Amino acid sequence: MINSTDFRTGLTIEIDGGVWQIVDFQHVKPGKGAAFVRTKIKNVETGAVVERTFNPNEKMPAAHLDTQNMQYLYEADNMYTFMNTETYEQVELNKEQLGDALNYLMENMEVSIQTFKGRIIGIQLPNSVNLKVTECEPSVKGNTATGATKMAKVETGYEVRVPLFINEGDVLRIDTRTGNYIERA
């Protein structure tokens, strides 16, 4: 059990059978009344973020997530197959379970799959991925002093805003946490 005064960013707790991760917390001691802990917590399964306050003596059970390194193999009939790199056991996930990860998922990519009490609750991608540009407007010489951008489609079908000098065939490094262009790879 974790006391609410011991909350830290990134800590996972169990509330009403769900797994929640602490995104932000603040210990508040008002001039009048009892102290409390104001938190912003994210549901690990759904991604919903809510604000909640806890009494300083309130205790919550810690949620222990198991992480397995897996390799993405292929997609068939809207099911995405992953293989455990140690036991060669295969797991299939659907689009809802993957969510935004589909924008960056490439065959043979190494990912981490998180489970809680035997059920899969999430997938962790590398912080950045290299993807090839398949479609974009041709680059225009000049116009670079303004910091203007254009849309480019990468090999997974994801569209990202890029600088004007990017061309079709370029390989881009994209941040999987924000979905933003970082640099040419």
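Residues numbered from 1 in each chain as written. Predicted model: local features only at pLDDT ≥ 70, side-chain atom pairs only at ≥ 80, totals over all residues. Heavy atoms only, no water.

Enquirer: Tell me about the overall build of the protein, and name the residues and values.
Expert: A tally of helices and strands in the protein yields one helix and 16 strands. Its C-alpha atoms give the protein a radius of gyration of 21 Å, clearly above 16 Å, the size a compact globule of 185 residues would have. Taking all 185 residues of the protein together, the buried fraction comes to 36%. About 11,100 Å² of surface is accessible on the protein, with carbon and sulfur atoms providing 44% of the total. Of the side-chain charges in the protein, 19 are positive and 25 negative, and the distance between the mean point of each set is 11 Å. (Helix = DSSP H or I, 4+ residues; strand = E, 2+ residues; numbered from the N terminus. Rg over C-alpha atoms; globule rule 2.2 N^0.38 Å. Buried < 20%, exposed > 50% of the residue type's maximum accessible area, 1.4 Å probe, protein only. Areas by Shrake-Rupley, 256 points an atom, 1.4 Å probe, with all protein chains shown as cover. Lys, Arg positive; Asp, Glu negative; His and termini not counted. Charge placed at Lys NZ, Arg CZ, Asp CG, Glu CD.)

Enquirer: An account of the environment of Asp170 is needed here, citing residue identities and associated values.
Expert: Here Asp170 is to be found in the loop between β14 (159–163) and β15 (171–175). For the pair Asp170 and Leu131, spaced 39 residues apart in sequence, the C-alpha to C-alpha distance is 8.4 Å. Among all residues touching Asp170, those that are not within four sequence positions of it are Leu131, Lys132, Val133, Phe165 and Arg184. Among the polar contacts made by the side chain of Asp170, one reaches the main-chain amide nitrogen of Asn167 at a distance of 2.9 Å. (Contact = heavy atoms within 4.5 Å. Polar contact = N/O pair within 3.5 Å; in protein donor to acceptor, adjacent residues only side chain to side chain.)

Enquirer: Describe the UniProt feature "domain: Translation elongation factor P/YeiP central" (unreviewed entry) in the protein, listing the residues and the values that go with them.
Expert: Look at the UniProt record and you will see "domain: Translation elongation factor P/YeiP central" (unreviewed entry) annotated at residues 67–121. Along residues 67–121, the helical share is 7% and the strand share 56%, with 10 Å between the first and last C-alpha atoms. (UniProt positions renumbered as here; feature names shortened; annotations may be inferred.)

Enquirer: Residues and numbers for the pattern of salt bridges, please.
Expert: For the structure on display, the rule yields four salt bridges. Ionic pairing is found between Lys117 and Glu14, a salt bridge with its closest N-O pair at 3.2 Å. With a gap of 103 residues between them, Lys117 in the loop between β10 (110–116) and β11 (119–124) and Glu14 in strand β2 (residues 12–15) connect regions that are remote in the sequence. Taking the relative accessible area as the measure of exposure, Lys117 reaches 63% and is therefore exposed. (Salt bridge = Lys/Arg side-chain N within 4 Å of Asp/Glu carboxyl O.)

Enquirer: Tell me about the sheet that holds β15, residues and numbers included.
Expert: Within a sheet, each strand pairs with its neighbour through backbone hydrogen bonds, oriented either parallel or antiparallel. Overall, antiparallel pairing links the five strands, which are arranged β14-β13-β12-β15-β16 in an open sheet. With partners counted over all chains shown, the strands left at the sheet margins are β14 and β16 (181–184), one partner each. Averaged over all pairs of adjacent strands, the angle between their axes in this sheet comes to 50°, without regard to strand direction. Inspection of the sheet shows strand β13 (residues 149–154) paired to β14 by five bridges, in the antiparallel sense. By the bridge assignment, Ala152 is partnered in β14 with Val160. (Pairing = 2+ DSSP bridges. Axes fitted to C-alpha atoms, helices over the stretch in contact; angles between N-to-C directions.)

Enquirer: Could you give me a rundown of the sheet that holds strand β3 (residues 18–28), with the residues and numbers involved?
Expert: In space, the four strands of this open sheet follow the order β2-β3-β4-β5, with antiparallel pairing throughout. Single-partner strands in this sheet number two, and they are β2 and β5 (49–54). The sheet shows a mean angle of 45° between the axes of neighbouring strands, direction not considered. Of the pairings in the sheet, the one linking β2 to β3 comprises four bridges and is antiparallel in character. Paired with Ile15 across the strands is Gly18, a residue of β3.

Enquirer: Residues and numbers for the layout of surface pockets, please.
Expert: Looking at the largest pocket, its volume works out to about 930 Å³. Lys42, Val44, Gly122, Ile123 and Gln124 are, among the 27 residues lining the largest pocket, the residues nearest its centre. Mapped onto the lining of the largest pocket, the elements with two or more residues apiece are α1 (95–98) and β11. Within the lining of the largest pocket, the residues separate by chemical class into nine nonpolar, 13 polar and five charged. (1 Å grid on protein atoms, 1.4 Å probe; cavity = no way out; pocket = protein on both sides within 12 Å on 5 of 7 lines; lining within 4 Å. Points joined across faces, edges and corners; volume = space filled by probe spheres on them. Nonpolar A, V, L, I, M, F, W, Y, C, P; charged D, E, K, R; others polar.)

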